[in-house]
Structures are given as structure tokens and as C-alpha cells.
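Fold and contact review
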Amino acid sequence: MKRLLAFIVVFMVIFFMEGSVLHAITDVKNNVNESVPGNMEVESAQDGASARMSKDGQTDKVKAVSGETQKLQDGQEKYLLRYKWKKGETVSWMVTHRNYTQTTIRNTTEAVDARCVSEKSWYVVDVDEEGTATFTNTVPWAEMREKTGDKPLRVYDTRKEFMPPEGFEDVPESIGVELAKLTVDCQGNMKSREDYHRTSIIQQANQAYIMVPLPKDPIPVGFSWTFSYPVYVPQNTGNLLRVQMMQKYTLQKVENGIATIVYGTNIISPLSDPAIKAQLIDRIYEGKMLFHIKEGRSMVLEQKVDQEVIGFRGEASRVKVKIMYTEQVMSPGTGG
């Protein structure tokens, strides 16, 4: 259980607080600066057309996922979704992450309830003519709470306490410092990443993309696109197992210039080992993003996980995970 708590705390600090939203885009064998995030396919609920985005940005027509073909209605409005940044600006979001994990092994059950509220801040270093931005990200502050079984509640607020309590020892080194320098294009594809925080090879392999990927062309309401990517799971042999994942996104509606994008996650690779599935359940989530089309940025993002795996360590074992994650853009002067 102590290892579980340590995992939750480090996961919250390095990934969620940093603004990295859960997906692997880099092969362990490749340098992250040479990586290209996953494969993107797009499909329309209206015309069934789909396309695969290649490394050079060209689009090759492929069979629609749905297998259905309907003509796009004439005159239906389409929206070009693009991230937009200004050199020298700082954009911040208030992040709330709640993680409840209940683990049962034989006759012993223990629950860990962890909650973190923090601010994530992106400083835009440069923007080129095509809208590709380079920025650094920091976490100015964080307030963390953790309750394990019947043990006393533990609380750590980086704004008030200099010395962290047990379980939060590694948090201060991630607060108020640049965590990474990243270059991302206007569709949300990461072009390069330089991490300043120490990471393990597994964390490097599973570095998440930090923005919801956007389709290349203007799209109508009801249009869907998918993004496939690998994650790497440690095995008992010491090797890493490559597991293919896929997310499907849909432009649900556009109201007052705000696009609502909903999405869900599926495991594509065939898996039969519960021990492997147990390491992936915190990645099988669904979410919603409110995207300001004119400003070109996420205003609100919500994600949730509610998964369970039985038999991950013998027949009398079970792990259940519930995660709620939200982030909301902050106005200047609303920071902690």
C-alpha cells in the first residue's frame, strides 16, 4: 500500500499537475525530440470519410471506421479548430485531481483516497509563422490530501508548509520550477520535449501528449476522429509490454463560439493477463473539453475513470480505480 500511495502522489505531480493528459506518444528506443505522436484518423458522422495523418502532414483516404457513407448536407457549417498562442504570454489553469483506489488481496482490503488542487502555468517562449509554439510549464503551488484506510488524513499545502509530511517528500522539487520545455504545433501534436524533472525510462516511454489532438481540416458538428498511440507496461520478466490504445473524439456541439469535444478511450491490443490490465485501468477514461474557437485554447477539461480488474494477483484479488480530473482556465490575478 505504501508503494501504491507513492505511485499516486508522483503520478499526480509529474503528469496531471504538469498538464500531461495520460497518453504515450514516444517509443522508448526513439529520442523524444524525434517523436511523432501516434496516428490520427478522422471520420464524419455525416459522410463516413476518414483519413490517416502521416508524418509529413499529407492525408491518405482510408475506410471509414463506421463503415457507413452519407453525403454531407449542403450548407452545414464547418469549424477550423486550432490552438493559438502569443509569444510572451502566460496561461494558467486551476487543476483538481481526485483519485480513489481500493485494493483487495485475499482477505485484506485497503483504500487510498488522494486529492490534489494545483495551478499549472504555461509560459509561451516563442511562436513561429505556422502557429507552432514553444513553452515551458510550471506548477506554482499545490494542495494535496491523502487518506489511507483508517489512518489519519495527511495534508500538504506548498504555499503554507516548508517541510512536507511523509508521502509527499518528492513534491517540493516540482513546485515553482520549470518542469519541461515543449514544442507543439497548432493541432496539438508534440514536436519535441525536454524534461527538466528526473523521470524513469517507463515514464519517458509513457509521456503523454499535453493537448487534445485536433483534426487537420474544418469539421461540422457530429464529426469524429481517432488517435492511436502506444503505452508501455512493465512485466514480471523486467521487459516492457507495448500496448496499443485508441481515443475517439467527437465535436458534439458549438454554442457561442465554444466547441464541446467529447472523447473516450479503448485498449486495442488483445490482453488476457489481469496483472497487465490492472496497470492500464487509470488510462481508460472518458472526457469533455470546452474549446474557445476564437482564442484557440481549452477553457474547461473534464476527465473521469471508473474501472475495476479482478484477479490481478490471484483469484482473491481486485483493484478498483475512480478518478475525477478537471482543469479550468484562470483569469489574471486568480492564482493561489
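Please read all numbers here as calculations on a predicted model, not as lab measurements.

**A few points about the pattern of salt bridges**
Enumeration according to the criterion identifies 11 salt bridges in this entry. With a shortest N-O distance of 3.6 Å, Arg 159 and Glu 143 are connected by a salt bridge. Here Glu 143 lies in strand E6 (residues 133–148) and Arg 159 lies in the loop between strand E7 (154–157) and strand E8 (178–184), a separation of 16 residues in the sequence. Members of the salt-bridge network, linked through shared partners, are Glu 143, Arg 145, Asp 157 and Arg 159.

**Notes on the nonpolar core**
A general trend in soluble globular proteins is that nonpolar side chains are found buried together. One finds Leu 81, Tyr 83, Trp 85, Met 211, Ile 261 and Phe 291 to be the most contacted residues of the largest nonpolar core, which totals 49 residues. Per element, the largest residue contribution to this core is 6 residues, and it comes from strand E10 (residues 223–234). Filtering out sequence-adjacent residues up to four positions away, Tyr 83 remains in contact with Cys 186, Gln 187, Gly 188, Met 211, Val 212, Leu 214, Met 289, Phe 291, Gly 296 and Arg 297. Listed in part, the 9 residues of the second largest apolar core include Cys 116, Val 139, Val 171 and Ile 175.

**Observations regarding the packing of aromatic side chains**
All chains considered together, the criterion is met by 10 aromatic pairs. With a centroid separation of 6.2 Å and an interplanar angle of 35°, the aromatic rings of Trp 85 and Phe 135 are classed as tilted. Linking Trp 85 in the loop between strand E3 (59–62) and strand E4 (90–105) with Phe 135 in strand E6, this pair joins segments that are 50 residues apart in sequence. Accessibility assignment for this pair places Trp 85 and Phe 135 in one class, buried. Measuring from centroid to centroid gives 4.7 Å for Trp 93 and Trp 122, while their planes differ by 65°, and the two rings are edge-to-face. Residue Trp 93 is located in strand E4, and its partner Trp 122 is located in strand E5 (residues 108–127); the two are separated by 29 residues in the primary sequence.

**Digging into the side chain of Gln 102**
Mapped onto the secondary structure, Gln 102 falls in strand E4. A polar contact of 3.5 Å, which involves the side chain of Gln 102, links it to the side chain of Tyr 100. For Gln 102, the side chain forms a polar contact with the side chain of Arg 318, separated by 2.9 Å. Apart from the residues lying within four places of it in its own chain, the contact partners of Gln 102 are Thr 109, Glu 110, Ala 111, Arg 318, Val 319 and Lys 320.

**Re the environment of Thr 132**
As for its position among the elements, Thr 132 is in the loop between E5 and E6. Considering only alpha carbons, one finds Thr 132 and Gln 187, 55 residues apart in sequence, at a separation of 8.7 Å. Apart from residues no more than four positions distant in its own chain, Thr 132 is found in contact with Asp 126, Val 127, Thr 183, Val 184 and Asp 185.

**Notes on a negative patch on the surface**
Negative charge collects at one region of the surface, where Asp 126, Asp 128, Glu 129 and Glu 130 lie side by side. Considering the arrangement of structural elements, one finds Asp 126 in strand E5. You can call Asp 126 partly exposed: its relative accessible area is 37%.

**Things to note about the environment of Glu 178**
Structurally, the position occupied by Glu 178 is in strand E8. For Glu 178, a relative accessible area of 41% corresponds to the partly exposed category. In sequence terms Glu 178 and Pro 140 are 38 residues apart; their C-alpha atoms lie 9.6 Å from each other. Contact partners of Glu 178, with chain neighbours within four places excluded, come to Thr 136, Asn 137, Thr 138 and Tyr 196.

**Points about the pairing of E8**
Within E8, 5 of the 7 residues are buried, which leaves it mostly tucked inside the rest of the structure. Here E6 pairs with E8 via 6 bridges, running antiparallel. Among the inter-strand pairings, Thr 138 is bridged to a residue of E8, identified as Glu 178. Here 5 bridges tie E8 to strand E9 (residues 190–195), and the two strands are oriented antiparallel to one another. Residue pairing for E9: Thr 183 is matched across the bridge by Ser 192. The hairpin formed by E8 and E9 contains 5 residues between the paired strands, and Gly 188 there has a positive phi angle of roughly 95°.

Definitions and limits used
Residues numbered from 1 in each chain as written. Predicted model: local features only at pLDDT ≥ 70, side-chain atom pairs only at ≥ 80, totals over all residues. Heavy atoms only, no water. Salt bridge = Lys/Arg side-chain N within 4 Å of Asp/Glu carboxyl O. Helix = DSSP H or I, 4+ residues; strand = E, 2+ residues; numbered from the N terminus. Core = buried A, V, L, I, M, F, W, Y, C linked by side-chain atoms within 4.5 Å. Buried < 20%, exposed > 50% of the residue type's maximum accessible area, 1.4 Å probe, protein only. Contact = heavy atoms within 4.5 Å. Phe/Tyr/Trp six-rings, centres within 6.5 Å; stacked < 30°, edge-to-face > 60°. Polar contact = N/O pair within 3.5 Å; in protein donor to acceptor, adjacent residues only side chain to side chain. Patch = residues over 30% accessible without salt bridge, like charges linked within 9 Å, V, L, I, M, F, W, Y side chains within 5 Å. Areas by Shrake-Rupley, 256 points an atom, 1.4 Å probe, with all protein chains shown as cover. Lys, Arg positive; Asp, Glu negative; His and termini not counted. Charge placed at Lys NZ, Arg CZ, Asp CG, Glu CD. Pairing = 2+ DSSP bridges.

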